Structure formats: structure tokens, C-alpha cells
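# Tertiary structure, described
Each chain, written out:
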Amino acid sequence: MDQQTPHDDVVIIGAGIGGLTLALALRERGIAATILERTAELREVGAAVALSANANNLFARLGVLDALEEVSWAQTDLVFRDGRSGATLGRTPVGRGYRERFGSDYLGVHRADLQRILSEAVGPDRILLSHHVTGLHEDGDRVLLDLADGTQRSAGIVVGADGARSMVRQWVVGHDDAIYSGHSGFRGIIPTEQLTELPDPHAIQFWIGPTGHLLHYAMGGDGQDVNFLAVSRDPQEWTADQWVVPARDEDKFAPFAGWHPAVTQMLGAVEVTQRWALMRRPPLASWHRGRVVLLGDAAHALVPHHGQGANQAIEDTWALAEELATVGSGDPTAAFEAFEGRRRMRTRAVQFASAQVAEVLHLPDGPQADARNAAMAGADWFEDRLAWIHGYDPTVDRGIRPGSLSR
Ligand SMILES: Cc1cc2nc3c(=O)[nH]c(=O)nc-3n(C[C@H](O)[C@H](O)[C@H](O)COP(=O)(O)OP(=O)(O)OC[C@H]3O[C@@H](n4cnc5c(N)ncnc54)[C@H](O)[C@@H]3O)c2cc1C
């Protein structure tokens, strides 16, 4: 086993968006963590990601925003449309006003580009690929990690950044608590030039209706690609092990039959073979057990309707790095609790709001949908509705500490 100094003794499980960003945030504070990643190469999960200012301002502080901006597209507008007629229900410019208000752009990026930039910044010597962690054991003031190849490692502090299907969460909670949201999705990436029917191809846009919605945004340095996620209510029962199931290509059209040609052209432009269950996790009473703590989706996976899963994982990293920097080789429990205190209410609020979005977008035709449309028409979304998400500064400690509400 490697000889380790206390500050080299933090092991992060998972080189996803949260794990890689945490390694950078820890390094800022002189802590050289090691990441164990099960895959042999860093593969893209989810294909694309929209990064809002609440995350990008941290990337600026971690020195990776310039590289990221080169391969990302800054969204021009946020647009809501009636999925069937194509009528514009609401439009808020993003552009310079967003940057001035929140400090950085609203970016669309290929996930592979994001992972490459983050992993290059972390450095290959800190990321151990093909290290699949299969089990955890408490061993005094150490944690033993079983690996799939039969070897074992030891760590003083372990961070479970192993995503929505987290093995570490299961170890912390004691069982698999994934909940199917009632919605499933198809997704794809298409060269923008192929989307001849699409108005506003460089905007982030929701096409909405009673049977589902289609969300897309532009990405790549020249906005050359569009990423879409088509979501529909799906009564199929999903079990915790069925996150992605095989699907026939033609299935993707059924919820959007008769919708605007921009929607059907986009759906028809890629062959899909998989349907994604949109899962969420119930809030946990505690995100840690012993010397092990959860971060990102492992702690608070949410449905993607606000596009905030990755952004919340990135926000987490700042608070956890700041709190871990106070620990040294001592007991991390107080640092874990301070981290949770800083992040619990924020992530619960975003989880709850994300679930509500689908209910509002999928309202049946009638007075409630009419009222929603009227409200959309008048809104400046980044002033009225989304400032609490995009304008959040995770470097400010608003934490609720144990006992701080007792008087
Ligand atoms: C269809 C879809 C669209 C989405 N769109 C957006 C969006 O636009 N914006 C946004 O912010 N979020 C979006 N999300 C959510 C976002 O993908 C996640 O919230 C984000 O990736 C979470 O980051 P993470 O680091 O917690 O986990 P992940 O990025 O999932 O990383 C987990 C890592 O852990 C590794 N791992 C897992 N188990 C082990 C193990 N036992 N041992 C070692 N390594 C392991 C995995 O291989 C992976 O590399 C979307 C999600 C979906 C499903």
C-alpha cells in the first residue's frame, strides 16, 4: 500500500463531474486526493450538459473556465414554446445580461469535453482508472475499500461521488432507495445545420404540451450541435436496476404525435435504442457514515428538468473542500456535518423545484394551462424565477449547524 500523508489520504470514488471538480477544489486547499474510477476510460454519461453561472463561477476560481468556454456555446435565449403550434409562450434573452447579472455565461458543452478539461487539470497521476470499488469496511480510523480485481486500498476519508446509482450511498443508507419519477426520456445530439425546421437553434428551448416536453440547447465552440432530451409521462413500472432499457426507435414519436415539425424533425434525426428512466432519490437524514461522505448525485440525485444535477454536484465541491481543509488527520464528522448543513436545504429546494417543473410543463389543456402560458409571456425568467438557482454563490457559507436552530 502507498505511503500516504494525512492530506493525501482522501479517496474520491468516481471521476464524474463532481469527483473531478472536488479533486480540483481540494487541491486549491493543499489536499491531493486520489480518484478511483471504475471505467477504463472517462466515458461520457448523458452526452451533454448545460452549465449555469452558479457552477461556472466556481470553474473560473478553479482555473478551468477559459478552456471550457472555448468548447462551449453560450445560450442566446431561454424560450418556451407550445409543442404543437410552435407559438412562443415566453422568451428571456440570456446573452450579456445573464453574464452581467450572474457573473458568467449559461454554457452548453459536450460532456466528453468537460471531462477532458477537468481530468487534464486534475492530472492523470491522481485518477486511477479501472478501479471499481465493490465494498467498504470501517477499520478504526481507516476505511478499507474492496476493488473488483480483488485488491484492497485504505483511506482516512472517502467521498462517494459515484453518481445516481451510487454503491457508496447504498452502504451509507443500507438499501437502494431510487424512486422512479413517472417520467422517462429519449436523448440525442444532432448537427445544428440538419435542423432546418428549428427556430432559435442557438437558444435553450422547451417545447411543451400535455403529453410531455422536449428540451434542447446548443453546444460546442461554434454552437454546431444541438442536444435534446424528450420527456414523457411513462406509466411503465421501473425497478431500481432498470435505469436504461432498450427501446424501439419508433417509440420516441408516440408522445409527440402531431407536434410541430421542429420537434418531429429533431426526434427523427437520430436513431435511439434506449429509453432512460428519470429517477430521483429521497432526501437523506445524513449524508455520511463514519469516515465516508456522499457528494453530488450520490447524495441528492434529482430529475433533470432544471438541468441542475451536475451544477449542484459542482456547488457541493466548494463546501466539502472548505470543510475538509479544517480536518487534517483528525475525525471528519464535524466537517461532514458542516458540509451537510451548508448543502442540505439548497439541494432539497432544487430537487423539489425540478420535480415540479414536469407537472407545470405537462398541464392538460384548460384554464390552468392558460394561466401558466399567460404567466410565461410576462416573465423575465432570470429575474423572476431562476435567479435563486443561477445567481447562487456556493462560496458563501449560509450553513445550518447542529444546534443553530435550537434557540
Ligand atoms: C438524461 C439526463 C440529462 C441530464 N442533463 C443535465 C444537464 O443539462 N445539466 C446538469 O447539470 N445535469 C444534467 N443531468 C444530471 C447530471 O448528469 C448528473 O447530475 C451529474 O453527472 C452528477 O455528477 P456526479 O459526479 O455526482 O456523478 P456522475 O457524473 O454520474 O459520475 C459518477 C462517476 O462514478 C463512477 N463510478 C460509479 N460507481 C463506481 C464505483 N463503484 N467505483 C468506481 N467508480 C464508480 C462512474 O463511472 C462515473 O464516472 C442529466 C442527467 C440525465 C440522466
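Residues numbered from 1 in each chain as written. Predicted model: local features only at pLDDT ≥ 70, side-chain atom pairs only at ≥ 80, totals over all residues. Heavy atoms only, no water.

For the protein chain, the name recorded in an unreviewed UniProt entry is FAD-binding protein, with Janibacter limosus as its organism.

## Here we look at the overall build of the protein chain
Looking only at helices and strands, the protein chain has 13 helices and 20 strands in total. Here the protein chain has a C-alpha radius of gyration of 21 Å; the compact-globule value for 407 residues is 22 Å, and the two agree. With the C-alpha coordinates of the protein chain rotated into their principal frame, the extents come out at 65 × 45 × 45 Å. Evaluated residue by residue, the protein chain yields a buried proportion of 55% over its 407 residues. (Helix = DSSP H or I, 4+ residues; strand = E, 2+ residues; numbered from the N terminus. Rg over C-alpha atoms; globule rule 2.2 N^0.38 Å. Buried < 20%, exposed > 50% of the residue type's maximum accessible area, 1.4 Å probe, protein only.)

## A closer look at empty space enclosed by the protein
In the structure shown here, the tally under the stated rule is two cavities of 30 Å³ or more. The volume enclosed by the largest cavity comes to roughly 40 Å³. Lining the largest cavity, in full, are Pro-283, Leu-284, Trp-287, Ala-299, His-300, Thr-347, Arg-348 and Gln-351. The residue inventory of the lining of the largest cavity, partitioned by class, reads four nonpolar, three polar and one charged. Put simply, the second largest cavity is a space of about 30 Å³. Along the walls of the second largest cavity sit Arg-342, Arg-343, Tyr-392, Pro-394, Val-396, Asp-397 and Arg-398, which together make up its complete lining. By residue class, the composition of the lining of the second largest cavity is three nonpolar, no polar and four charged. (1 Å grid on protein atoms, 1.4 Å probe; cavity = no way out; pocket = protein on both sides within 12 Å on 5 of 7 lines; lining within 4 Å. Points joined across faces, edges and corners; volume = space filled by probe spheres on them. Nonpolar A, V, L, I, M, F, W, Y, C, P; charged D, E, K, R; others polar.)

## Re the site of the ligand
Among the 32 residues in the neighbourhood of the ligand, the closest are listed as Gly-18, Glu-37, Arg-111, Asp-297 and Ala-310. One of the backbone nitrogen or oxygen atoms of Val-133 is found 2.9 Å away from a nitrogen atom of the ligand. Here the ligand, which alone exposes 1,000 Å², has 89% of that area covered by the protein. Elements represented by at least two residues in the shell around the ligand include exactly helix 1 (17–28), strand 3 (48–51) and helix 9 (309–324). A breakdown of the residues in the shell around the ligand according to their chemical character gives 13 nonpolar, 13 polar and six charged. (Near = heavy atom within 4 Å. Polar contact = N/O pair within 3.5 Å; in protein donor to acceptor, adjacent residues only side chain to side chain. Areas by Shrake-Rupley, 256 points an atom, 1.4 Å probe, with all protein chains shown as cover.)

## Remarks on the nonpolar core
Of all hydrophobic cores here, the largest spans 65 residues; its most connected members are Ile-12, Leu-26, Phe-59, Leu-114, Leu-136 and Leu-145. With residues up to four places along the chain from it excluded, the contact list for Leu-136 reads Ile-13, Val-143, Leu-144, Leu-145, Val-168, Trp-171 and Val-292. Of all hydrophobic cores here, the second largest spans 24 residues; its members include Ala-53, Leu-89, Leu-215 and Val-357. (Core = buried A, V, L, I, M, F, W, Y, C linked by side-chain atoms within 4.5 Å. Contact = heavy atoms within 4.5 Å.)

## Details of the sheet that holds strand 16 (residues 225–233)
The mixed open sheet is built from eight strands, whose spatial order is 6-5-14-15-16-13-18-17. Each edge of the open sheet is held by one strand with a lone partner, namely strand 6 (88–93) and strand 17 (244–246). Between one strand axis and the next, the sheet turns by 20° as a mean value, whatever way the strands run. Sheet topology places strand 13 (residues 179–191) next to strand 16; nine bridges connect them, and they run antiparallel. Bridging from a neighbouring strand, Pro-191 pairs with Asp-225 of strand 16. (Pairing = 2+ DSSP bridges. Axes fitted to C-alpha atoms, helices over the stretch in contact; angles between N-to-C directions.)

## Brief notes about the confidence of the model for the protein chain
Low pLDDT means the predicted coordinates in that region are not meant to be read closely. Taken over all residues, the pLDDT of the protein chain has a mean of 92, while the share at 70 or more is 95%. Note on residues 1–7: pLDDT is under 50 here. Beyond four places in sequence and across chains, it has twelve contacts. (pLDDT = per-residue confidence, 0-100.)

## Focus on the pairing of strand 15 (residues 212–219)
Summarising burial for strand 15: eight of the eight residues are buried, a large majority. Here strand 15 shows two buried faces, one formed by Gly-212, Leu-214, His-216 and Ala-218 and the other by His-213, Leu-215, Tyr-217 and Met-219. Note that strand 14 (residues 204–209) and strand 15 share five bridges and pair antiparallel. In the strand pairing of strand 15, Gly-209 is matched with Gly-212. Linkage of strand 14 to strand 15, two consecutive antiparallel strands, is achieved through a turn of two residues. As paired elements, strand 15 and strand 16 share eight bridges and run antiparallel to each other. The residue bridging Leu-214 from the neighbouring strand is Ala-230, located in strand 16. Here strand 15 hands over to strand 16 after five residues, with Gly-220 in that stretch at a positive phi of 90°.

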